[in-house]
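Read off the chains here:
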Amino acid sequence: MLYPNLDVSEMFVERQAQRGAMHTRHLNEQLVRVLKTIGYDVGFQRGTGQYLFDRDGARYLDLLSGFGVFAIGRNHPVLRTALKSVLDADMPNLVQMDVSTLAGILAERLLEHAPYMDKVFFANSGAETVEAAMKFARNATGRNEILYCDHAYHGLSYGALSLTDDSNFRGGFGSLLPGCSQVPFDDLAALEKALSTRQVAAFIVEPIQGKGVNIPSDEFLPGAAALCRKYGTLFIADEIQTGLGRTGKFLAIEHWNVEPDMVLLAKALSGGHVPVGALLTRKSIFDKIFNRMDRSLVHGSTFGKNDLAMAAGIATLEVMKHEKLVENSAKRGAQIQLALKSMIPGFELLKEVRGKGLMIGIEFGPPKSLRLKASWNILESANKGLFCQLITVPLFKEQKILTQVSGHGSHTIKLLPPLTITEEDCTWIENSFRTVIADSHRVPGAIWSLGKTLVDNAVRKSA
Ligand SMILES: Cc1ncc(COP(=O)(O)O)c(C=O)c1O
């Protein structure tokens, strides 16, 4: 130890009891309040693979995977070794007036998965990758308009937010980027109408939408790619969430045999540890942006292509290949969907289970029986989507399953586990959901009384 006070892991242990207080004082106090209110302040101590461990040592199955970044699981030994080897090798990182060897290797390996692409641009996050795609599309086509879909989520920086259809995220931040227009998801006629002006630089779409886990009809993505070609518009697949095995294929667009003009990756490529984004595209597009020596740095970012991020990407791809995680995603996803779908006839509040691979949406909706209807209506009129939130609380507290509701006001719970989950984990998921959903059909019952307490509290506060 060079400096006696600088063992960060020791600091973590010593100060962890004060984490809530530190965040209340110096960071996001509202988040601390939310976690306390719903009982999620269990003080996680450790994470390994698909599991998290709280301050009492209880083990949780993580179906959130840090919003999809831990596809290979937390703290994977291969990733750890790769990152350590970079630090131990005294590499000439970020020289800037040099080209990075590790970036060359990661680009080569990524392109093996999309042989119709030739070039990669590296960024530091999903949103930054979306920003690059917007700039590249405008520059390459000389057009200004960008189309995105309703219910889309592409990130929260100004450009990406201008392509995100969620008033909760957009509101209160002033005017967004001009030239961005919305078309309905899964509607080829509307898309053609918008493209036919021949003013559109790019159409950006998530092959499966993250907010709601919306899957298009089989005609939509191939049809959209063909329409884009017809009208001279670039087709951008935002695979920041769906890419890298999440849906049971390396890229989700492979389900529909589509070859986009740009593919955007981030999240899982980081191994969860070093932020990174990658834009894959064709040489004909890339060369329009970087077209002269004096424009060799016309777009970029100081930390792009840094050695730790590149090593994280290389290690992640290696783990995926060796542990056959894309195949595991398809297999375990099918197992979970089968189990959950079999519950639909028995539970009137459970409406649909959909997804591909390990990106699964579980949708709830209004009951038929009078017995449940009154309670449902009270909750829904107080706060749309509250029922779903109430399902995630006992899943967490009693079943030790960490999940999320897929978007504001959504009736869909999303499962986005590490791609490493096992058959036993799937059984854990099945049994937990069965128990909690069965409880939710009991009135009076714990879920409804928690809902009533939350609604009453909200009413009292606003009075
Ligand atoms: C499809 C998609 N695009 C873009 C983003 C933004 O990525 P980031 O949060 O790394 O900026 C996300 C993040 O959830 C996403 O799911």
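Computed from a prediction, not measured in an experiment: that's the story for all the values here. Here the residue index of a chain counts from 1 through its sequence in written order. Local features in a predicted model are, by the rule used here, given only for residues with pLDDT of at least 70; side-chain atom pairs are given and counted only at 80 or more, and totals for whole chains, interfaces and linings are based on all residues. Side-chain measures here rest on the full set of heavy atoms in the structure, leaving out hydrogens and waters.

Another aspect to go through is the sheet that holds strand β12 (residues 359-364). Pairing is antiparallel in the open sheet, where four strands are placed in the order β11-β12-β15-β14. The sheet is open, and its two edges are formed by β11 (350-356) and β14 (404-405), each paired on a single side. We treat two strands as partners when DSSP finds at least two bridges between them. Secondary structure elements are defined from DSSP: runs of H or I of at least 4 residues count as helices, runs of E of at least 2 residues count as strands, and each element is numbered from the N terminus. Where β12 and strand β15 (residues 412-415) come together, four bridges link them in antiparallel fashion. Note that in β15 the partner of I362 across the bridge is I413. This element, helix α17 (residues 423-440), spans β11, β12 and β15 of the sheet and lies at about 165° to β15. In what follows, a contact means two residues having at least one pair of non-hydrogen atoms within 4.5 Å. Note on definitions: angles span 0 to 180 degrees between N-to-C directions of axes, and those axes are lines fitted to C-alpha atoms, for helices only across the stretch in contact.

Position of E430 relative to the elements: it lies in helix α17. The residues contacting E430, other than those within four sequence positions of it, are A339 and M343.

Now for the environment of L79. Mapped onto the fold, L79 is located in helix α5 (residues 77-88). Think of it in three bands: residues with accessible area under 20% of the maximum for their type are buried, residues over 50% are exposed, and the middle band is partly exposed, with areas taken using a 1.4 Å probe on protein chains only. Overall, the relative accessible area of 2% leaves L79 in the buried class. In this structure the C-alpha to C-alpha distance between L79 and P366, which are 287 residues apart in sequence, comes to 45 Å. Leave out the neighbours within four places in its chain, and L79 touches I72, G271, H273, A312, A315 and T316.

Note: strands within a sheet are paired through backbone hydrogen bonds, in either parallel or antiparallel orientation. Taken in spatial order, the four strands make up an open sheet running β1-β2-β3-β13, and their pairing is mixed. Two strands lie at the open edges of the sheet, namely β1 (46-48) and β13 (401-402), each paired on one side alone. Of the pairings in the sheet, the one linking β1 to strand β2 (residues 51-53) comprises three bridges and is antiparallel in character. Bridge pairing links R46 to F53 in β2. Contacting β2, β3 (59-62) and β13, α17 crosses the sheet at an angle of about 95° to β3.

So, about the site of the ligand. Taken together, S125, G126, A127, Y153, H154, G155, E206, D238, I240, Q241 and K267 make up the full set of residues adjacent to the ligand. Taking A127, its main chain carries an N or O atom lying 2.8 Å from an oxygen atom of the ligand. Contact distances for the ligand include 2.8 Å between an oxygen atom and a side-chain N or O atom of K267. Surface accessibility follows the Shrake-Rupley procedure with a 1.4 Å probe radius. Residue values consider only the protein chains on display as shielding. Protein chains bury 79% of the 390 Å² of accessible surface belonging to the ligand in isolation. The rule for a residue being near a molecule or strand is that one of its heavy atoms must lie within 4 Å of it. Between N or O atoms, a polar contact is any pair within 3.5 Å; within protein, one atom must be a potential hydrogen donor and the other a potential acceptor, and residues adjacent in sequence are included only when both atoms are from side chains.

Ring geometry is summarised as follows: Phe, Tyr and Trp rings, the Trp one being its six-membered ring, pair when their centres sit within 6.5 Å, and such pairs are stacked at plane angles under 30 degrees, edge-to-face over 60 and tilted between the two. For the structure shown, the criterion picks out 16 aromatic pairs. Taken together, a centroid distance of 5.4 Å and an interplanar angle of 75° make the contact between F121 and F136 edge-to-face. Remark: F136 occurs in helix α7 (residues 126-141) and F121 occurs in strand β4 (residues 119-123); sequence separation between them is 15 residues. Of the two residues, F121 and F136, neither departs from the other in class, the shared state being buried.

So, on to a nonpolar patch on the surface. Two distance rules govern patches: like charges are joined within 9 Å, and nonpolar side chains (Val, Leu, Ile, Met, Phe, Trp, Tyr) within 5 Å, applied only to residues with over 30% relative accessible area and no salt bridge. Salt bridges are defined by distance alone: a side-chain nitrogen of Lys or Arg within 4 Å of a carboxyl oxygen of Asp or Glu. Nonpolar side chains collect at one region of the surface, where L2, Y3, L6, V8 and M11 lie side by side and expose about 590 Å² of accessible area between them. Along the chain, L6 falls in the segment before α1 (8-15).

Here the focus is the pattern of salt bridges. Scanning the model with the defined rule gives 12 salt bridges in all. R109 is paired through a salt bridge with E318; the nearest N and O atoms lie 3.3 Å apart. Here R109 is found in helix α6 (residues 101-111), whereas its partner E318 is found in helix α13 (residues 307-322), with 209 residues between them in sequence. Overall, R109 belongs to the partly exposed group, its relative accessible area being 30%. Judged by relative accessible area, which is 26%, E318 ranks as partly exposed. The closest approach of N and O atoms between R371 and E348, which form a salt bridge, is 4.0 Å. In this pair, R371 sits in helix α15 (residues 370-382) while E348 sits in the loop between α14 (325-341) and β11, placing the two residues 23 residues apart along the sequence. Taken together, the salt bridges that share partners define one network made up of E352, R354 and E363.

Another aspect to go through is helix α11 (residues 220-231). Its 12 residues place the ends of α11 16 Å apart at the C-alpha level, agreeing with the 16 Å of an ideal helix rising 1.5 Å per residue. The inward-facing, buried residues of α11 contact α10 (188-195), β7 (200-205) and β8 (234-238). Looking one or two places after α11, you find G232, whose phi comes out positive at around 70°. The span one expects for a helix is its residue count, reduced by one, times 1.5 Å.

Let us now look at the environment of A266. If you trace the backbone, A266 turns up in the loop between β9 (262-265) and β10 (277-281). Note on A266: relative accessible area 2%, which makes it buried. Note: C-alpha distance between A266 and E239 (27 residues apart in sequence) is 8.0 Å. Those residues in contact with A266, other than ones at most four positions away along the chain, are S125, G126, I240, L244, V276 and G277.

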